[in-house]
Structures are given as structure tokens and as C-alpha cells.
Amino acid sequence: MYQITALHDELKNKTYKHGGYHHFRISDPKPRDIHKASVRDRLLHHAIYRKLYPFFDKKFIADSYSCRLGKGTHKAMSQFRRYAGKVSRNHTRTCWVLKCDIRKFFASIDHRVLFSILERSIPDSDIRWLLQEVVGSFRARLNLAQGLPLGNLTSQLLVNVYMNEFDQYTKHTLKAKHFIRYADDFVLLSHNKTELEKRLRYIVVFLWDKLKLKLHPNKVSISTFASGVDFLGWVHFTDHRVLRTASKKRMQRRLREQAGNESTRQSYIGMLKHGNTEKLRQKI
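Residues numbered from 1 in each chain as written. Predicted model: local features only at pLDDT ≥ 70, side-chain atom pairs only at ≥ 80, totals over all residues. Heavy atoms only, no water.

### What about the nonpolar core?
As a rule of thumb, nonpolar side chains are buried together in soluble globular proteins. One finds L118, F166, F186, I203 and L211 to be the most contacted residues of the largest nonpolar core, which totals 48 residues. Contributions of two or more residues to this core are made by α2 (39-57), β3 (96-101), α4 (111-121), α5 (125-142), α6 (153-173), β5 (185-190) and α7 (193-211). Per element, the largest residue contribution to this core is eight residues, and it comes from α6. What I203 contacts, discounting residues up to four positions off in sequence, is L98, F166, L174, F186, L188 and L215. (Core = buried A, V, L, I, M, F, W, Y, C linked by side-chain atoms within 4.5 Å. Buried < 20%, exposed > 50% of the residue type's maximum accessible area, 1.4 Å probe, protein only. Helix = DSSP H or I, 4+ residues; strand = E, 2+ residues; numbered from the N terminus. Contact = heavy atoms within 4.5 Å.)

The structure is reproduced here in C-alpha cells:
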């Protein structure tokens with residue numbers, strides 16, 4: 001109780017200083033650096049999130065699916081299939097898919113750009129000061145002018161605020177009707193391959209000029225939906241989807257490591273129901 005009272009007083013007097021981070025690495029599915037704040041600071045992160053999420057969420061486009069209530073990977077995949085059906089006129093013409101991935105997403109968020117967006121979006125100077133203290137704490141510890149810690153709840157919201165600039169540009173300036181973004185992965189669908197190639201050039205310029213972000217050079221592709229599109233852990237085809245090979249191996253490894261853990265087994269069975277995985281479910 002004393003800690004909460006003290007935190008309240010520091011916020012009221014604007015003497016609050018964010019503490020340090022505990023750093024550790026995980027490697028599932030790929031190596032990631034996690035920076036975890038103290039319990040006291042995480043309590044504040046939750047309070048900020050509760051207040052700001054409803055304010056920002058109504059500004060986001062419908063087809064942004066990461067870290068949002070009522071969204072998520074399964075709804076993103078369902079929308080992907082619906083869009084493919086629309087573009088292909090129920091699979092009677094070719095549907096082309098531009099798939100992109102942003103390189104080092106969280107580590108590349110530019111603080112100056114982020115603060116500029118927040119200044120335009122949030123009229124309350126006290127809230128802006130607090131967000132600068134939270135975001136700046138990561139910069140101060142690592143002597144960086146970019147990057148958000150993966151371990152902060154506020155980071156999940158702030159990357160969506162950041163990428164909303166791109167979402168709005170893609171929907172309203174590029175006029176992309178069939179666009180889906182989940183964190184740093186996004187797809188655009190069209191019956192016209194040349195149109196997607198043109199939009200890709202605009203996207204590359206916008207991401208760098210406005211947001212200081214780059215696409216991953218090995219994760220940009222334009223292919224037909226019918227040939228199979230790898231998106232959000234699954235490979236999607238016109239009439240079915242199958243689990244990505246890397247996702248399958250990761251699942252099998254985790255099940256071996258956690259043999260006897262019923263909750264893990266049931267969660268994977270639930271996940272596998274979203275694709276053509278009858279044999280895999282039987283094995284589990």
C-alpha cells in the first residue's frame with residue numbers, strides 16, 4: 001500500500017522516475033531480447049494502458065488485429081480468407097498477395113517520431129510527460145534513440161499507435177481495400193499484380209521517410225493465393241490451410257518438453273482446429 005501511495009505522490013508532483021529493466025533472452029520461435037520492468041513500474045504500465053487503450057483503439061482501422069480486444073490471429077486469418085474470396089470472385093480469377101514483414105520491428109521504433117505522433121494525438125501534457133518518461137527510460141538505460149521494450153504492456157499499445165500512421169496511409173492514400181496488418185506482418189490483396197508492385201514501392205518510401213522502418217528483404221513476396229501464402233504461422237490455400245513447418249516443429253518440441261501438461265496439450269488441440277490438421281490432432 002505504501003508503494004502505491006508513494007507512486008501516486010510522485011506522479012502528482014511529477015517527480016516519478018521509471019526504474020531499470022531485467023534483461024533476458026528467449027528463442028521461441030526466434031531469438032528475442034526481453035526487458036522486464038519492476039513490479040512498481042508494471043503497475044503504472046497497466047494503469048496507462050487501461051486509460052489510453054479505449055482512446056486510441058477507436059482511431060485504429062478495422063483490419064489491424066494485433067493486441068486488440070475482439071481481434072487476434074484467428075480473426076485476421078478469417079478476414080484474409082474472406083478478402084481472398086472477394087478479390088478472386090470466389091476463386092474464379094487470380095488473387096495476388098503482397099506479403100511483407102518489418103525488419104527488427106520493436107527495436108526500430110524511433111522515439112522522436114513516436115513522440116511527434118503522441119503530441120498530435122494527446123492534448124493532455126501530463127499524459128505526454130508520463131509517456132515520455134516511460135519510453136525514455138528504455139532509451140536512457142541503453143543510450144538509444146529508438147526501440148521499445150518487448151516486456152512492457154505499454155509497448156503493445158504504442159506500436160499500434162505508431163503503425164496506425166502506416167495503416168491510415170495504406171487505406172486512405174494508397175486506397176488499398178484489402179489490407180490486413182498483425183504487428184509487423186501485413187498483406188495486401190489484389191487481382192492486379194502490377195498494382196501491388198507499384199504499392200510496394202510507395203510503402204517502402206513511406207515506412208522509411210515517415211516512420212524510419214525498413215522491410216525485411218527476405219520476407220517480401222508477391223505470389224498467388226492459390227499457390228499458398230505463409231501468413232501468421234499457417235500456409236493458406238484456396239480451400240484449406242496447413243500449419244507452417246516451423247510452427248509444427250516448435251509445437252512438437254514444446255509438447256515433448258512439457259509432456260503430461262494437459263493445458264498445453266489442449267491449447268494446441270484448440271489451435272489446430274483452425275486448419276486442416278486432423279492427423280496432427282490425432283497424434284496429440
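### Regarding the packing of α4 against α6
Contact pair α4 / α6: the axes reach a minimum separation of 10 Å and the direction vectors enclose 85°. Taken together, the axes of α4 and α6 lie roughly perpendicular to each other. Where α4 approaches α6, its residues V113, L114, I117, L118 and R120 are matched on the opposing element by L158, V161, Y162 and E165. Class assignment of the residues belonging to the contact of α4 with α6 gives a composition of seven nonpolar, no polar and two charged. (Axes fitted to C-alpha atoms, helices over the stretch in contact; angles between N-to-C directions. Parallel < 35°, antiparallel > 145°, perpendicular 65-115°, else oblique. Nonpolar A, V, L, I, M, F, W, Y, C, P; charged D, E, K, R; others polar.)

### Side note on the pattern of salt bridges
According to the stated counting rule, one finds 10 salt bridges in the structure shown. Notably, a salt bridge pairs R120 with E165, separated by 2.8 Å at the nearest N-O pair. Placement of the pair is R120 in helix α4 and E165 in helix α6, with a sequence separation of 45 residues. Judged by relative accessible area, which is 54%, R120 ranks as exposed. For R181, the salt bridge goes to D167, with nearest N and O atoms at 2.8 Å. Here R181, found in strand β4 (residues 179-182), pairs with D167, found in helix α6; they are 14 residues apart in sequence, far enough to count as distant. According to the relative accessible area criterion, R181 is buried, its value standing at 1%. (Salt bridge = Lys/Arg side-chain N within 4 Å of Asp/Glu carboxyl O.)

### Regarding the layout of surface pockets
By volume, the second largest pocket is sized at about 180 Å³. Considering the residues around the second largest pocket, the lining is formed by L11, L44, A47, I48, K51, L52, I127, L130 and L131. Contributions of two or more residues to the lining of the second largest pocket are made by α2 and α5. Per-element tally for the lining of the second largest pocket: the top contributor is α2, with five residues. (1 Å grid on protein atoms, 1.4 Å probe; cavity = no way out; pocket = protein on both sides within 12 Å on 5 of 7 lines; lining within 4 Å. Points joined across faces, edges and corners; volume = space filled by probe spheres on them.)

### Describing the sheet that holds β3
Taken in spatial order, the four strands make up an open sheet running β4-β5-β3-β6, and their pairing is antiparallel. Among the strands making up the open sheet, the edge pair consists of β4 and β6 (221-224). The sheet shows a mean angle of 20° between the axes of neighbouring strands, direction not considered. Bridge count between β4 and β5: four bridges; the pairing is antiparallel. Within β5, the position partnered with Y182 by the bridge is D185. (Pairing = 2+ DSSP bridges.)

Remember, this is a structural readout, not a statement about activity or role.
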